[in-house]
Amino acid sequence: MKCTATCSFGLESVLSAELKKMDFEDITSENGRVNFKSDLTGITKANINLRTAERVYIELANFNAVTFDELFENTEKIQFHKLLDKSGAIIVNASSVSSMLKSIPDCQSIVKKAIIKSMSNYYKIDRFPETGPKYPINVFIYKDNVRIYLDTSGSSLYKRGYRKKGGDAPLKETLASAIVQISYWSKDKILIDPFCGSGTILIEAALIAKNIAPGLYRDFVAESWPIFNNNEWIKSREFYSSVISNVNIQKMYGSDIDKEVVSLARQNARTAKVSDIIEFSVKDFKNITAPSEKGVIICNPPYGERLEDEQVAKKIYSDMNKKFDEFPKWSKYILAPDKIFEEAYVKKADKKRKLYNGKILCNLYQYFGTK
Ligand SMILES: C[S@@+](CC[C@H](N)C(=O)[O-])C[C@H]1O[C@@H](n2cnc3c(N)ncnc32)[C@H](O)[C@@H]1O
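Residues numbered from 1 in each chain as written. Predicted model: local features only at pLDDT ≥ 70, side-chain atom pairs only at ≥ 80, totals over all residues. Heavy atoms only, no water.

## Topic: the environment of Ile249
The following threshold applies: Labels follow the DSSP assignment, with helices taken as runs of H or I lasting at least four residues and strands as runs of E lasting at least two, numbered in each case from the N terminus. Here, two residues are considered to be in contact whenever any of their heavy atoms come within 4.5 Å of each other.
With respect to the helices and strands, the residue Ile249 is situated in the loop between helix H7 (232-242) and strand E9 (252-256). As for Ile249 and Lys210, which are separated by 39 residues in sequence, their C-alpha atoms are 7.8 Å apart. Residues contacting Ile249, with those up to four places away along its chain left out, are Lys187, Ala209, Lys210 and Ile277.

## Describing the site of the ligand
Put simply, the rule reads: Here a residue counts as near a molecule or strand whenever at least one of its heavy atoms sits within 4 Å of it. In protein, a polar contact means a hydrogen-donor-capable atom and an acceptor-capable atom, both N or O and within 3.5 Å, with residues adjacent in sequence counting only if both atoms are side-chain atoms; elsewhere, any N or O pair within 3.5 Å suffices. Accessible areas in this description were obtained via Shrake-Rupley with a 1.4 Å probe; residue shielding takes into account the shown protein chains only. Under the convention adopted here, Pro, Cys and the residues Ala, Val, Leu, Ile, Met, Phe, Trp and Tyr are nonpolar, Asp, Glu, Lys and Arg are charged, and Gly plus all remaining residues are polar.
Ser198, Thr200, Asp256, Phe285 and Asn300 are the nearest of the 19 residues found near the ligand. One of the backbone N or O atoms of Phe285 is found 3.0 Å from a nitrogen atom in the ligand. Look at the ligand: alone it shows 600 Å² of surface, and the protein chains cover 87% of it. Classifying every residue of the shell around the ligand by side-chain character gives 11 nonpolar, four polar and four charged.

## Some details on unusual backbone geometry
Rule in force here: Per-residue accessibility, obtained with a 1.4 Å probe over protein chains only, is compared with the maximum for each type, and a residue is labelled buried under 20%, exposed over 50%, and partly exposed between these values.
We note that Ser98 has phi near 50°; this positive angle belongs to a residue other than glycine. Mapped onto the elements of the fold, Ser98 is located in the loop between strand E5 (89-97) and helix H4 (104-123). When its relative accessible area of 55% is taken as the criterion, Ser98 is described as exposed. Of note, the phi angle at Asn211 is positive, near 60°, even though the residue is not glycine. Secondary-structure assignment places Asn211 in the loop between helix H6 (200-209) and H7.

## Focus: the sheet that holds strand E1 (residues 2-6)
Put simply, the rule reads: For two strands to count as paired, DSSP must find a minimum of two bridges between them. Here, axes are lines fitted to C-alpha atoms. For helices the fit covers the stretch in contact, and angles between N-to-C directions go from 0 to 180 degrees.
Ordered in space as E2-E3-E1-E4-E7-E6-E5, the seven strands form an open sheet in which the pairing is mixed. What marks the edges here is a single partner per strand, and that holds for strand E2 (25-30) and E5. Direction aside, the axes of adjacent strands within the sheet are offset by 30° on average. Here E1 runs beside strand E3 (residues 33-37); their pairing, made up of five bridges, is antiparallel. Considered in E3, the bridge of Cys3 is made with Phe36.

## Points about the sheet that holds strand E12 (residues 331-337)
The seven strands are arranged E10-E9-E8-E11-E12-E14-E13 in an open sheet whose pairing can be described as mixed. This sheet does not close on itself; its edge strands, each paired only once, are strand E10 (278-282) and strand E13 (351-357). Put simply, the sheet's adjacent strands are angled 20° from each other on average, direction ignored. Judged from the three bridges that link them, strand E8 (residues 191-193) and E9 form a sheet pairing that is parallel. From the neighbouring strand, Ile192 faces E9, where its bridge partner is Tyr253. The strands touched by helix H5 (residues 173-182) are strand E11 (296-299), E12, E13 and strand E14 (360-367); relative to E13, the strand with the most contacts, the crossing angle is about 170°.

See below:
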């Protein structure tokens, strides 16, 4: 099957590398998505084990349409009965950019009618109860090209299940994991996050260190689909449970000035089953000390998004520069908003990478330590 995993803009190469490592084939990337080939077992593995993907889809069709008739006719041709159960509840979501077909409600209702017609052509019945498993169908229309996808994930994959509440500005789990993967941190190096908030960066790093698949303890919409009739989900979960490892992992340290957020971080780490390797404390970053000569710092300090906060953020960035001088051999990876960071931190980064934190354009400022 042709499949697609979506991700935040800028993370396509990280997601491609993950898919490659999992031995998927025919991997190609586009803006915000990576395409690959998979069988049903592969779909369970992609959902359970991908760290930077937002959702995993099966591509059902790809065609051009500029009229509602073309949209209906091309959708009706899809053999929905091969994937959808006849009692299934079909939910259609559409989006359209720079296309003739602009009305989202009309696109959704036409696609839904065409699906029912296609099912009806096969089953020779007109009414479907829609009381069974959920089938989210996504219609992406871009420059008159229509792609119809079946969403196998359901709720987005960044929802690992360990974080019930974040702090004020929590990082998405998928972005935190991507930053960790971009960095040259590996589990045998000490890791510090001095602005840890609800602990997302360290928890994602700890999941990688212990080889815990991020989706191991959550469920997916496709789990209730009858096409998965050979216990594929159970087998994949058993496989990922069997590869968890606690060997050669260095300790991680998280601190934050906010006492409540640190207690949230501790709770989240316990839920994620990684609390044994992360030590959290309440601390102003100005008071952190280096636990070893070398190591890695990954953090996202406050942003100063509102005008009145910008001066506070700039002061923090300039103090960070002084503080991090006490860690000369350490590598530092700092996710901060474009423009104001480098001006205040002063030191020019060895490498910068553009990333979006939600809608905020940021850079991952990378300062490499000694080898
Ligand atoms: C953008 S948030 C980090 C969010 C975190 N990555 C997460 O996923 O929850 C910035 C954090 O910096 C903390 N902070 C602000 N000033 C600080 C200081 N002087 N020392 C340590 N932490 C500070 C805030 O309490 C906040 O939790």
